[in-house]
Amino acid sequence: MDTFEITVEESDIDKRIDLFLAANLESFSRSYIQDLIKKGKATISGKTVKANYRLREGDSVVLSIPKPKPLEILPENIPLDILYEDDDVILVNKPKGMVVHPAAGHYSDTLVNALLYHCKDNLSGINGVLRPGIVHRIDMDTTGVIIVCKNDMAHQHIAEQLAKHSITRKYVAIVTGNIKEDEGVIDAAIARSKSDRKKMAVDENGKRAVTHYKVLERLNGYTYIECVLETGRTHQIRVHMSYIHHPLLGDEVYGGKSGMKLQGQCLHAMVLGFIHPRTNEYMEFSAPIPEYFNEILNKFRKN
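All of these numbers come straight from a predicted model, not from anything done at the bench. (Residues numbered from 1 in each chain as written. Predicted model: local features only at pLDDT ≥ 70, side-chain atom pairs only at ≥ 80, totals over all residues. Heavy atoms only, no water.)

Take the domain arrangement of the protein next. The domains assigned to the protein are domain 1 (2-65) and domain 2 (82-302). For domain 1 and domain 2, the distance between their C-alpha centroids amounts to 48 Å. (Domains from an automatic or database assignment.)

The next point concerns the pattern of salt bridges. Pairing between side chains of opposite charge can happen when their charged atoms approach one another. Across all of its chains, the model carries 13 salt bridges by this definition. Measuring nitrogen to oxygen at the nearest pair gives 2.7 Å for the salt bridge that ties Asp88 to Arg278. Residue Asp88 is found in the loop between β5 (82-85) and β6 (89-94), and its partner Arg278 is found in the loop between β14 (267-275) and β15 (282-286); the two are separated by 190 residues along the sequence. For Arg278, a relative accessible area of 52% gives the class exposed. In this structure, the salt-bridge partner of Asp251 is Arg238, at a minimum N-O distance of 2.8 Å. In this pair, Asp251 is assigned in the loop between α5 (236-243) and β14 and Arg238 in helix α5, connecting sequence segments 13 residues apart. Looking at Asp251, the relative accessible area reads 1%, which means it is buried. It is possible to trace a salt-bridge network through shared partners that takes in Arg16, Asp18 and Arg30. (Salt bridge = Lys/Arg side-chain N within 4 Å of Asp/Glu carboxyl O. Helix = DSSP H or I, 4+ residues; strand = E, 2+ residues; numbered from the N terminus. Buried < 20%, exposed > 50% of the residue type's maximum accessible area, 1.4 Å probe, protein only.)

All right, on to the pairing of β5 then. Looking down a regular strand, the side chains alternate between one sheet face and the other. Where β5 lies against β6, three bridges are found, and the strand directions are antiparallel. Pairing of Tyr84 across the sheet is with Leu91, part of β6. Taking the residues between adjacent antiparallel strands as the criterion, β5 and β6 are bridged by three residues. (Pairing = 2+ DSSP bridges.)

What is meant by a disulfide is a covalent connection between two cysteines, made through their sulfur atoms. Overall, the coordinates contain zero disulfides when judged by the stated rule. A disulfide-free cysteine, Cys119 has its sulfur positioned 11 Å from the sulfur of Cys149, the nearest such atom. Cysteine Cys266 shares no disulfide, and the gap to the nearest cysteine sulfur, in Cys227, comes to 13 Å. (Disulfide = S-S within 2.5 Å.)

Another aspect to go through is α5. Within α5, six of the eight residues are buried, leaving the element largely enclosed by the surrounding structure. Taken residue by residue, α5 has Gln236, Ile237, Arg238, Val239, His240 and Met241 as its buried positions. Remark: His245 follows α5 within two positions and exhibits a positive phi of approximately 70°.

Right, let's talk about the environment of Ile296 for a bit. With respect to the secondary-structure elements, Ile296 resides in helix α6 (residues 291-302). Using a relative accessible area of 5% as the deciding quantity, one classes Ile296 as buried. Taking the C-alpha atoms as reference points, Ile296 and His157, separated by 139 residues in sequence, lie 38 Å from one another. In contact with Ile296, not counting residues within four places along its chain, are Ile174, Leu249, Met260, Leu262 and Cys266. (Contact = heavy atoms within 4.5 Å.)

Once that is clear, we can look at the sheet that holds strand β1 (residues 2-7). Strand order in this open sheet of four strands is β1-β4-β2-β3, and the pairing throughout is antiparallel. Each edge of the sheet is formed by a strand with only one pairing partner; in this case those strands are β1 and β3 (47-48). Across the face of the sheet, helix α2 (residues 30-38) comes into contact with β2 (42-44) and β4 (60-65) while running at roughly 95° to β4. (Axes fitted to C-alpha atoms, helices over the stretch in contact; angles between N-to-C directions.)

Judged by nonpolar contacts, the single largest core of 31 residues is most densely connected at Leu115, Tyr171, Ile225, Ile237 and Met241. Breaking this core down by element, the ones donating at least two residues are β6, α3 (111-119), β7 (143-149), β8 (168-176), β12 (210-218), β13 (222-229), α5 and β14. Sort the elements by how many residues they give to this core and α3 lands first, with five residues. Those residues within four positions of Ile225 in sequence are excluded, and the remaining contacts are Tyr171, Val172, Ala173, Val175, Ile179, Lys214, Val215, Leu216 and Met241. Ranked by size, the runner-up nonpolar core spans 19 residues in total, among them Ile6, Ile44, Leu55 and Val61. (Core = buried A, V, L, I, M, F, W, Y, C linked by side-chain atoms within 4.5 Å.)

This part is about the UniProt feature "active site" (unreviewed entry) in the protein. Under the UniProt annotation, "active site" (unreviewed entry) lies at Asp139. In contact with Asp139, other than residues within four places in its own chain, are Lys94, His235, Arg238 and Gln265. (UniProt positions renumbered as here; feature names shortened; annotations may be inferred.)

Once that is clear, we can look at the packing of aromatic side chains. We describe a pair of aromatic rings using the distance from one ring centre to the other and the angle between the two ring planes. In the structure shown here, the tally under the stated rule is five aromatic pairs. Here the aromatic residues Tyr84, Phe274 and Phe285 are joined through ring pairs into a cluster of three or more. The ring of Tyr117 carries the charged tip of Lys120 above its face, separated from the ring centre by 5.2 Å. (Phe/Tyr/Trp six-rings, centres within 6.5 Å; stacked < 30°, edge-to-face > 60°. Lys NZ or Arg CZ within 6 Å of the ring centre and 35° of its normal.)

Now for α6. The first and last C-alpha atoms of α6 sit 17 Å apart over 12 residues, in line with the 16 Å expected at 1.5 Å per residue. Within α6, the full set of buried residues consists of Phe293, Ile296, Leu297 and Phe300. For α6, the buried positions fall inside an angular range of 95° around the axis, keeping them on one side. Exposed side of α6, more than 90 degrees from the buried face: Glu291 and Lys302 are the residues found there. Buried residues in α6 make contact with β8, β13 and β14. (Expected span 1.5 Å × (residues − 1). Arc of directions from axis to C-beta.)

Listed below in structure tokens is the structure:
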């Protein structure tokens, strides 16, 4: 426990204890302090008090704050579809619905949990305990190839290629509406949405984002496309296709609603190419289009 003892000044007399502590311990929220008080962690003269206790002259408040428990990310025996593996990198075909690394609400069943089991301690540590080996991400409901680094040398090498936009990243997607042009380029900066912090949005003050797209097939109200990323911003393809009024099928976050029962956007990271960090040779890997994706394409082709 960390213990804080604060003496009541004359100007603090008759203040509620929770407000007094929140004002004096600005790094903790009032709700957290109230919770500590409820748990009996605030005392005056050795006696616990309630959140609505009014301070008196001569009071000295002692607040005990438990030290945070270290977050432990556990290995889990989750099968991985491994496309390639050596001592430096591992490329995985990520399934739909799998989160890449632990975060609030997702501390298990992630790709990292599976990698910790498969790779043991052989993952780079540059991104910390929550993201060992992770040098880039794809969304939970996006399928396809992702590269993971087994050591810091490989991590730095791949990260540099990502920063220089020299890694080949090709996606396929199904979007709503018929795209008239056979191909095009979307060059529109992306930033965190001002209206919803969980979303991204086209914003001229954001970071430059460039997506090249090509029509593969027009499907009676939908379009099957290939997207090549020149940059790699969060939700880039989803935001850009929504921006040109062709949101991804199933992407309810960015306007791609449909009457079909889908688990998120129809987006698949099909190809990833990079210079190997040890051999300096160009390598390219592809992940086969998932069954659900082909089923949708075949259904549209029959209509």
